[in-house]
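# Working through the structure, step by step
Chain residues, written in single-letter form:
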Amino acid sequence: MIECNNNERQILYKYRSLKNFKRFIEILVSNNLHASTYENMNDYMEGHYLYQCNDDIKKIIVEMKKEKRKLRICSLSKDPKNDLMLAHYADNGYGIIIGVEPCLRRNETKEDINYNGIQKIKLDDVTKINKSAKKILTCKTESWEYEKEVRIFSEHPYLKINIKEIIFGPRICRKNKKLIEDLVVKIGLKIKLIDYKL
């Protein structure tokens, strides 16, 4: 278990397929989750924003793109029981939900997603671009609200976590479930193993 220095401890949830079982084992053993660039997220509108034109707009747009590319994002959910998330991200119920406590390093932040649509940004000051980049990447359209998403922003490709629980999808095959139960015992992890209740 990693020592977390977070003031606020909150369990957040990662819905995962088990098709890449090797990656799941890496998560268990290494206590980390992948943090992606905004361009690799599943929302095709990710990183879009509205702005007013001014003389420096081209320069500011280039700087904004650079700033957004520096940020890595780990997407989690506040909701441990979400049938749509289970279908979309946990292989239609054949996967799992990992309950984690993020261990934030310096310069890593945890941000709730705002579902009020594409953000309008006033781009008149290049020095505020980092703040604006995060603001843009925490705004999504209302259609994504069911995810109850929280994002961890980092400069690292992996987020340090403590795994608190694993929730088995309602359709998980017995073989995978047994393998996970055995792994948790053999590795000596103190993780709650829970069946997803319909």
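Keep in mind it's a predicted model, so treat the numbers as computed, not measured. (Residues numbered from 1 in each chain as written. Predicted model: local features only at pLDDT ≥ 70, side-chain atom pairs only at ≥ 80, totals over all residues. Heavy atoms only, no water.)

## Overview of the pairing of strand β1 (residues 12-16)
β1 sits mainly inside the fold: five of its five residues count as buried. Burial along β1 is two-sided: Leu12, Lys14 and Arg16 and Tyr13 and Tyr15, pointing in opposite directions, are all buried. (Buried < 20%, exposed > 50% of the residue type's maximum accessible area, 1.4 Å probe, protein only. Helix = DSSP H or I, 4+ residues; strand = E, 2+ residues; numbered from the N terminus.)

## Quick word on helix α2 (residues 57-70)
The terminal C-alpha atoms of α2 lie 20 Å apart, and with 14 residues this matches the ideal 20 Å at 1.5 Å per residue to within 8%. Listing the buried residues of α2 in full gives Ile57, Ile60, Met64, Glu67 and Lys68. Seen from one end, α2 has its buried residues packed into an arc of 95°, which puts them on one side. Every exposed residue of α2 that faces more than 90 degrees away from the buried side is listed here: Lys58, Lys59 and Lys70. (Expected span 1.5 Å × (residues − 1). Arc of directions from axis to C-beta.)

## Here we look at the side chain of Ser17
Along the polypeptide, Ser17 turns up in the loop between β1 and α1 (21-30). Relative accessible area serves as the criterion here: at 18%, Ser17 is assigned to the buried category. For Ser17, the side chain forms a polar contact with the main-chain nitrogen of Lys19, separated by 3.0 Å. (Polar contact = N/O pair within 3.5 Å; in protein donor to acceptor, adjacent residues only side chain to side chain.)

## Details of the nonpolar core
Of all hydrophobic cores here, the largest spans 25 residues; its most connected members are Phe24, Ile96, Ile163, Ile166 and Ile180. Counting residues per element, this core draws most heavily on strand β9 (residues 158-168), at five residues. Apart from residues lying up to four places away in sequence, Ile166 is in contact with Phe24, Leu28, Ile96, Ile97, Ile180, Val184, Ile191, Lys192, Leu193 and Ile194. Counting residues in each nonpolar core, the second largest holds nine residues, with Tyr38, Met41, Met64 and Leu137 among its members. (Core = buried A, V, L, I, M, F, W, Y, C linked by side-chain atoms within 4.5 Å. Contact = heavy atoms within 4.5 Å.)

## Topic: the environment of Tyr115
The residue Tyr115 is located in the loop between β6 (109-112) and β7 (119-121) in this model. Residue classification places Tyr115 among the buried residues on the basis of a relative accessible area of 12%. Separated by 26 residues in sequence, Tyr115 and Thr141 have C-alpha atoms that sit 5.1 Å apart.

## Thoughts on the pattern of salt bridges
Overall, the coordinates contain 12 salt bridges when judged by the stated rule. A salt bridge links Glu108 to Arg105; the shortest N-O distance between them is 3.0 Å. By relative accessible area, Glu108 is classed as buried at 7%. Its salt-bridge partner being Glu149, residue Lys140 comes within 3.3 Å of it at the nearest N-O pair. Comparing Lys140 with Glu149, the two get one shared label, buried. Salt bridges linked by common partners bring Lys140, Glu147, Glu149 and Arg151 together as one network. (Salt bridge = Lys/Arg side-chain N within 4 Å of Asp/Glu carboxyl O.)

## What to know about a nonpolar patch on the surface
Taken together, the side chains of Ile25, Val29 and Ile187 define a hydrophobic patch exposed on the protein surface, amounting to about 230 Å² of accessible area. Position of Ile187 among the secondary structure elements: in helix α5 (residues 174-187). (Patch = residues over 30% accessible without salt bridge, like charges linked within 9 Å, V, L, I, M, F, W, Y side chains within 5 Å. Areas by Shrake-Rupley, 256 points an atom, 1.4 Å probe, with all protein chains shown as cover.)

## Describing the packing of aromatic side chains
Scanning the model with the defined rule gives one aromatic pair in all. Ring centres of Phe21 and Phe24 lie 5.6 Å apart, and the angle between their planes is 65°; this geometry places the pair in the edge-to-face category. Taken together, the positions of Phe21 and Phe24, both in helix α1 and three residues apart, correspond to about one turn of that helix. Residue classification places Phe24 among the buried positions, given a relative accessible area of 1%. (Phe/Tyr/Trp six-rings, centres within 6.5 Å; stacked < 30°, edge-to-face > 60°.)

From the geometry alone we can't say anything about function, so treat these as descriptive.
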